[in-house]
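# Examining the three-dimensional arrangement
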Amino acid sequence: MGDEYVGRKFRTEFKSNDIPQDTRIYEIIRLGEKFKKMGLLPDEDGGHAGNFSFRNSKGFVITSGGRDKGNLSQKNFVQVLNVNVDSGRVIVKGEEQPSSETLTHHLLYSGRKSVNAVIHVHDDIVLKNAHKLNIKSTERKHPYGTAELAKDIYKSIGRENFLAVRGHGVIATGKSLWEAGKIIETMHHAAENI
Ligand SMILES: [Zn+2]
């Protein structure tokens, strides 16, 4: 679903090629395997769906762009140090380019101090039933990876922990990866049981 994957819509500046070290990386690898099996991380439009991140003392760690999230390894993680949404500049440490949705993750961490993890997957059954499930949605459809999409998501999710991204997928936030992952699963099962 969504438009064709053509890469990132911001410029990345690499401070070093150091790969982040954190046990939460293994938590994401396991969540990626699980959500891939559930069909929430499809390979589509020349890319691979989904992105995962967690907050740390230097900023946040996010999955790299264009990788299969069902088969991640440590080098597929990037430390994000600084983001300027309006100028489209992202400063990182790592070997690979950060997720195309890095701007969205940045806005959620910078605006909401209680958010320590963000997960985005493509859950078509939840999207289709968002209204019935009383799930909030973004205001409009935007091309992926843009500052407009990031700002709409940030504004629309408000203080909630789950949002339908119109014509695209869903996003969950949490105090931990476990919490955000649990929300994704709970909403998926609720939609299946309609
Ligand atoms: Zn997506």
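Conventions adopted
- Residues numbered from 1 in each chain as written.
- Predicted model: local features only at pLDDT ≥ 70, side-chain atom pairs only at ≥ 80, totals over all residues.
- Heavy atoms only, no water.
- Helix = DSSP H or I, 4+ residues; strand = E, 2+ residues; numbered from the N terminus.
- Buried < 20%, exposed > 50% of the residue type's maximum accessible area, 1.4 Å probe, protein only.
- Donors = N, O, S within 2.8 Å, 3.2 Å for Na, K, Ca; no water.
- 1 Å grid on protein atoms, 1.4 Å probe; cavity = no way out; pocket = protein on both sides within 12 Å on 5 of 7 lines; lining within 4 Å.
- Points joined across faces, edges and corners; volume = space filled by probe spheres on them.
- Nonpolar A, V, L, I, M, F, W, Y, C, P; charged D, E, K, R; others polar.
- Pairing = 2+ DSSP bridges.
- Axes fitted to C-alpha atoms, helices over the stretch in contact; angles between N-to-C directions.

## A few points about the side chain of Ser156
- Counting through the fold element by element, Ser156 comes out in helix 4 (residues 147–157).
- With a relative accessible area of 9%, Ser156 lands in the buried category.

## A word on the coordination of the zinc ion
- Each protein donor to the zinc ion is listed here as His120 (NE2), His122 (NE2) and His168 (NE2); together their distances run 2.0 to 2.1 Å.
- When the donors of the zinc ion are listed by position in the chain, the intervening gaps give H-x1-H-x45-H. Within this pair, whereas His120 is found in strand 8 (residues 117–121), its partner His168 is found in the loop between strand 9 (162–165) and strand 10 (169–174), the two being separated by 48 residues in sequence.
- By relative accessible area, which is 5% here, His120 ends up buried.

## A look at empty space enclosed by the protein
- One pass over the structure, following the stated rule, counts 1 cavity of 30 Å³ or more.
- In this structure, the largest cavity spans a volume of roughly 40 Å³.
- If you go around the largest cavity, the residues you meet are Asn51, Glu101, Thr104, His120, Leu149, Ile153, Val165, His168 and Ile171.
- For the lining of the largest cavity, the class distribution of residues is 4 nonpolar, 4 polar and 1 charged.

## Considering the pairing of strand 9
- Covered by surrounding structure in strand 9 are Phe162 and Ala164 together with Leu163 and Val165, the residues of both alternating faces.
- What sits between strand 9 and strand 10 in their antiparallel hairpin is a turn of 3 residues, with Gly167 showing a positive phi close to 65°.

## Topic: the sheet that holds strand 4 (residues 51–56)
- Taken together, the 8 strands give an open sheet; going across it, the order is 1-7-6-5-4-8-10-9, and neighbouring strands pair in mixed fashion. Taken across any chain shown, the strands that pair with only one partner, and hence form the sheet edges, are strand 1 (11–16) and strand 9. Geometrically, the sheet is characterised by an average inter-axis angle of 25° between neighbouring strands, direction not taken into account.
- In this sheet, strand 8 lies alongside strand 4 in antiparallel orientation, the contact comprising 4 bridges. Paired with Phe52 across the bridge in strand 8 is Ile119.

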